[in-house]
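# Structural characterization, general
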Amino acid sequence: MHHRTFAQIEIRYFYLLLAFGLAVVLAGLVAAQQMEAHGHIISGMNNQVVWGLPHVFAIFMIVSASGVLNVASVGSVFGRHVYKARAPLAGLLSLALLAGGLMVLMLDLGRPDRVIVAITNYNPTSVFAWNVLLYSGLFATVGLYLWTLMDRTMGGWSKPAGLLVFVWRIILTTGTGLIFAFLVARQAYASALLPPLFIIMSFTWGLAIFLIVQFAMFSWNELQLNPAIQKRLKNLLGLFVVSVLYLVATYHLTNLYFSRQVAFERFILTQGGFYTGLFWGGYVVLGSIVPLLLIFMPGLGQARCVLLASLLVLLGAFSLLYVFIIGGQAFPLLIVPGYTVHSSFGDGQLASYAPTVFEWALGAGGLGVAFVIVTVGVRILNFLPHDDPRQLMEGN
Amino acid sequence: MSCNHDQQRRQFLSRGAALTAAVSIAPGLMLYDFARARPPGEAANPAVRWGMLIDTTQCESGCDACVSACNKENGLSGRTLPTDSQWIRKLELQQEDTGRKISMPMMCQHCAEPPCVDVCPTGASFKRADGIVLVDKHRCIGCRYCMMACPYKARSFVHEPVTDHSGATPRGQGTVESCTLCVHRVDQGVAPACVEACAREGHQAILFGNLNDPKSAIAQRIRSVASVKLRADLNLDPGISFVGI
Ligand code: SF4
Ligand code: SF4
């Protein structure tokens, strides 16, 4: 009985979700238009914190776009059935997140109208410019990969295409990490650990997003995920969360003991007020430890626990990126070592930054784009992971 | 013929301007080697490297003549909100162990290996053959990556529509800008506005000239006094050196 009723109203739910997504996108576009008309003065950004909340959203989405493919790559490259059944959905999520992230990045430019200049006047020494190529390449390779997966006549090509995507996204995430790692003068960023950290973060966040969407799709279709698969995916998430924690700890320890960025580390880890709180409370406790408990505690680890864990992992992701991107800029540059400094330009001072509603709207607009693409995609094409019980038995 | 004549006249005029500037500056101090003005359209001279030597012992705390002159020259508002452009600013420093106080101007260091140029995706940030680092206002997309990369916080982002067009350099909302070393003056054979203003105040803390010319006042001075470049550990080879830090 219930089943039929849901089928009847399902289409309405779909349009409701779509309308919600489009409204969020619209809000983002309006915010961007306002920012172009009035200038970035209506944002919280300034000459010290030059990349604000929109960059947190954009980098979150771009990093996750690469990581969510992990599910697909493991499937095609290593030929595991469980993952293979998930590859199309992972591919769709990746394209959607990349589109959302790039939209935010582009609309946050001072002159978004000139974005084409980035292609016509290409500076080959710029990591940013490399990333433009890497992002467009990811669209192409993932598109190709999806085609090989969804068109039966192309089946034989899915393995090489999967390999191509695998290699491409590792390079892409390295490139994203390098955007920061090349900023030699900034205490927060000049670290060779950033590319590997970004790669492992991408695995974690991508998988968390995948698990959330998969949960939603299975619930929507009133299906239950096979417990063996559930266990495998959640263990993988737990492993990734631990790995990120490990690398984040190493990053801070090398900053402290190797690069001697003691003042900066003191700021982030103990005296940075909001940033310190966000790091420990948002990232470490809520974003890592609690999810680990939800995943591994005896008696926990069921579907709902994993969903909650995944959501918390994403909260942790935003906290970590916020501390990394904004906190990293708020800390003043060391221009004349050995001196305390004052000036009219905020030298030697911690910069203050508070995002405005326009930045929130723009960032959320990017998520909205991803949401709309996924909602429409799963509706018109068959992206639901189909697990073949026989293969499951053999495969494991 | 008349074209040629015009050119000669222009050259004469700009040389005249250079001469006036030199005369108006404190006597005995050669602030600028007046090699020649650069005719419009001619490429910057790769044999030249423009630079500055800032003598912090001559710079007076609280004096901001250089800053005001820069603001006036380039049409900057002079406001100092975190969102306002400041191409040059005064740093008030205090040595941590001795407590010694220093005051000095800070601006784009016109690095020979400028990270802002390396990271700029569009090539809008560029270095001229004579070492001056500039932003092409028509090419800059406002990504602010150069601001992230600059170790000296030398760059400003134009956060608001530009209403004051009185400055010598074009400015535009949504693009990044910084000290141009008064390229428009230098090309006319005139010293940058800050240099002139400092001398006018009688401080003579900024010496400007061609670092590549061994006979120039700046090159000679650099040979004879101890000077440092800021964050020399980064190996960016800035064109600005400091005495007394
Ligand atoms: S000081 Fe900054 S803006 Fe100037 S050339 Fe060096 S890196 Fe570029
Ligand atoms: S803000 Fe402009 S000058 Fe700076 S890196 Fe971006 S495009 Fe280049």
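Quick caveat: nothing in here was measured; it's all calculated off a predicted structure.

### Quick notes on the overall build of chain B
When its secondary structure is counted, chain B shows seven helices and 10 strands. Sorting the 245 residues of chain B into buried and exposed places 58% on the buried side. Partitioning the contacts of chain B with sequence separation of at least 6, the portion at a separation of at least 24 is 61%. Accessible surface for chain B amounts to roughly 10,500 Å². Of this, 54% is attributable to carbon and sulfur atoms.

### Examining the overall build of chain A
Within chain A one finds 14 helices and one strand. A compact globule built from 396 residues would reach a C-alpha radius of gyration of about 21 Å, and chain A, at 22 Å, matches this within 12%. The principal-axis extent of the C-alpha atoms belonging to chain A is close to 70 × 50 × 40 Å. Expressed as a percentage of the 396 residues in chain A, the buried residues total 56%. Within chain A, contacts between residues separated by at least 24 positions form 80% of all contacts whose residues are at least 6 apart in sequence.

### Quick look at the site of ligand 1
Near ligand 1, the surroundings consist of Cys-108, Gln-109, His-110, Cys-111, Pro-114, Pro-115, Cys-116, Val-133, Cys-150, Pro-151, Tyr-152 and Arg-155 of chain B. Looking at side-chain class alone, the shell around ligand 1 contains nine nonpolar, two polar and one charged residues.

### So, unusual backbone geometry
Residue and element names in this part refer to chain B. Even without a glycine there, the phi angle at Cys-182 is positive, about 50°. Along the polypeptide, Cys-182 turns up in the loop between β7 (176–177) and α5 (183–186). The backbone of Gln-204 shows a phi angle near 50°, a positive value even though the residue is not glycine. Following the sequence through the fold, Gln-204 ends up in the loop between α6 (193–200) and β8 (206–210).

### A look at helix α9 (residues 227–257) of chain A
Side chains of residues three or four places apart in an α-helix project in the same direction, reflecting 3.6 residues per turn. For α9 of chain A, spanning 31 residues, the distance from its first C-alpha to its last is 45 Å, which sits close to the expected 45 Å at 1.5 Å a residue. The distance from a side-chain oxygen at the start of α9 of chain A to the backbone nitrogen of Ala-228 of chain A is 2.7 Å, and the residue carrying that oxygen is Asn-226 of chain A.

### Notes on the nonpolar core
Trp-51, Phe-180, Leu-194 and Trp-205 of chain A together with Tyr-145 of chain B are the most contacted members of the largest nonpolar core, which has 142 residues in total. Looking at which element gives the most residues to this core, the answer is helix α8 (residues 194–220) of chain A, with 17 residues. Non-local contacts of Leu-194 of chain A, meaning those with residues more than four positions away in its chain, are made with Gly-177, Phe-180, Ala-181, Tyr-189, Tyr-251 and Phe-324 of chain A. Among the nonpolar cores identified, the runner-up in size contains 46 residues, and Tyr-339 of chain A together with Trp-50, Ile-102 and Leu-181 of chain B belong to it.

### Brief notes about the pairing of β8 of chain B
Residue and element names in this part refer to chain B. Within β8, five of the five residues are buried, which leaves the element mostly enclosed by the surrounding structure. By the bridge criterion, five bridges tie strand β1 (residues 50–55) to β8 in an arrangement that is antiparallel. Following the sheet pairing, Gly-51 is matched in β8 by Gly-209.

### Remarks on the packing of aromatic side chains
Between two aromatic rings, the relevant description is the distance of the centres plus the angle of the planes. Residues and elements named next belong to chain A. For the structure shown, the criterion picks out 28 aromatic pairs over all chains. Residues Phe-198 and Phe-324 carry aromatic rings whose centres are separated by 6.0 Å and whose planes lie at 65° to one another, so their mutual orientation is edge-to-face. With Phe-198 in helix α8 and Phe-324 in helix α12 (residues 303–330), the pair connects residues that are 126 residues apart, well separated along the chain. Accessibility assignment for this pair places Phe-198 and Phe-324 in one class, buried.

### Some thoughts on the site of ligand 2
Lining the immediate environment of ligand 2, one finds 13 residues, of which Cys-120, Cys-140, Cys-143, Arg-144 and Cys-146 of chain B sit closest. Class assignment for the residues of the shell around ligand 2 results in nine nonpolar, three polar and one charged.

### As for the side chain of Gln-95 of chain B
Looking at the secondary structure, you find Gln-95 of chain B in strand β2 (residues 88–95). In contact with Gln-95 of chain B, other than residues within four places in its own chain, are Gly-338 and Tyr-339 of chain A together with Arg-100 of chain B.

### Brief notes about the packing of helix α7 (residues 158–181) of chain A against α8 of chain A
How two helices pack is summed up by the angle between their axes together with the distance between the axes. Residues and elements named next belong to chain A. Taken N-terminus to C-terminus, the directions of α7 and α8 make an angle of 125°; their axes are 8 Å apart at the nearest point. Compared by their axis directions, α7 and α8 come out oblique. Of the two possible hands of crossing, α7 and α8 adopt the one that is right-handed. Contacts between α7 and α8 pair Arg-169, Ile-170, Thr-173, Thr-174, Thr-176, Gly-177, Leu-178, Phe-180 and Ala-181 from the former with Leu-194, Pro-195, Phe-198, Ile-199, Ser-202 and Phe-203 from the latter. In the contact of α7 with α8, the residues fall into nine nonpolar, five polar and one charged.

### As for the pattern of salt bridges
Residues and elements named next belong to chain B. For the coordinates displayed, the defined rule picks out 15 salt bridges over all chains. Arg-49 is the partner of Asp-237 in a salt bridge, and the nearest nitrogen-oxygen pair spans 3.5 Å. With a gap of 188 residues between them, Asp-237 in the loop between β9 (227–228) and β10 (240–243) and Arg-49 in the loop between α1 (2–24) and β1 connect regions that are remote in the sequence. On the accessibility criterion, Asp-237 (35% relative accessible area) is partly exposed.

### With respect to the sheet that holds β10 of chain B
The strands making up a sheet associate through backbone hydrogen bonding, with each pair oriented either parallel or antiparallel. All names here are of chain B. Ordered by their spatial adjacency, four strands build an open sheet running β8-β1-β10-β9, and the pairing between neighbours is mixed. The open sheet has two edge strands with one neighbour each: β8 and β9. Across the sheet, α6 touches β1 and β8, and the angle it forms with β8 is around 140°.

### Focus: the interface of chain A and chain B
Each side of the interface is counted separately: chain A has 53 residues, and chain B has 54 residues. Roughly 4,500 Å² is buried in total at the junction of chain A and chain B, and carbon and sulfur atoms are behind 57% of that figure. By the criterion of area lost to chain B, the three top residues of chain A are Asn-47, Tyr-339 and Phe-345 of chain A, representing 17% of everything that side buries. Between Asp-108 of chain A and Arg-144 of chain B there is a salt bridge, and its shortest N-O distance comes to 2.9 Å. Taken together, the connections running from chain A to chain B amount to 33 residue pairs in polar contact (both at pLDDT 80 or more). Mapped by element, the contributors of at least two residues to the side of chain A that touches chain B are α1 (2–38), α5 (117–120), α6 (127–150), α7 and β1 (339–343) of chain A. The greatest single-element share of the side of chain A that touches chain B, amounting to five residues, is contributed by β1 of chain A. The pairing of β1 of chain A with β2 of chain B spans five bridges and is antiparallel. Pairing of Val-341 of chain A across the sheet is with Leu-93 of chain B, part of β2 of chain B.

### With respect to the confidence of the model for chain B
Residue and element names in this part refer to chain B. Looking at chain B as a whole, its pLDDT mean stands at 87, while 83% of the residues score no less than 70. Every residue in residues 1–35 is under pLDDT 50, and counting partners more than four places away or in other chains gives 38 contacts. Across the interface, the model reports ipTM at 0.89; the global pTM reads 0.89.

### Observations regarding the environment of Ile-245 of chain B
Within the secondary structure, Ile-245 of chain B is located in the segment after β10. For Ile-245 of chain B, a relative accessible area of 26% gives the class partly exposed. Separated by 142 residues in sequence, Ile-245 of chain B and Ser-103 of chain B place their C-alpha atoms 9.9 Å apart. Residues contacting Ile-245 of chain B, with those up to four places away along its chain left out, are Val-336 and Tyr-339 of chain A together with Thr-56, Arg-100, Ile-102, Met-104, Val-228 and Leu-230 of chain B.

Quick notes on the rules
Residues numbered from 1 in each chain as written. Chains lettered and ligands numbered in written order. Predicted model: local features only at pLDDT ≥ 70, side-chain atom pairs only at ≥ 80, totals over all residues. Heavy atoms only, no water. Helix = DSSP H or I, 4+ residues; strand = E, 2+ residues; numbered from the N terminus. Buried < 20%, exposed > 50% of the residue type's maximum accessible area, 1.4 Å probe, protein only. Contact = heavy atoms within 4.5 Å. Areas by Shrake-Rupley, 256 points an atom, 1.4 Å probe, with all protein chains shown as cover. Rg over C-alpha atoms; globule rule 2.2 N^0.38 Å. Near = heavy atom within 4 Å. Nonpolar A, V, L, I, M, F, W, Y, C, P; charged D, E, K, R; others polar. Expected span 1.5 Å × (residues − 1). Polar contact = N/O pair within 3.5 Å; in protein donor to acceptor, adjacent residues only side chain to side chain. Core = buried A, V, L, I, M, F, W, Y, C linked by side-chain atoms within 4.5 Å. Pairing = 2+ DSSP bridges. Phe/Tyr/Trp six-rings, centres within 6.5 Å; stacked < 30°, edge-to-face > 60°. Axes fitted to C-alpha atoms, helices over the stretch in contact; angles between N-to-C directions. Parallel < 35°, antiparallel > 145°, perpendicular 65-115°, else oblique. Left-handed = near helix turned anticlockwise from the far one by under 90°. Salt bridge = Lys/Arg side-chain N within 4 Å of Asp/Glu carboxyl O. Buried area = accessible area lost by both parts, 1.4 Å probe. pLDDT = per-residue confidence, 0-100.

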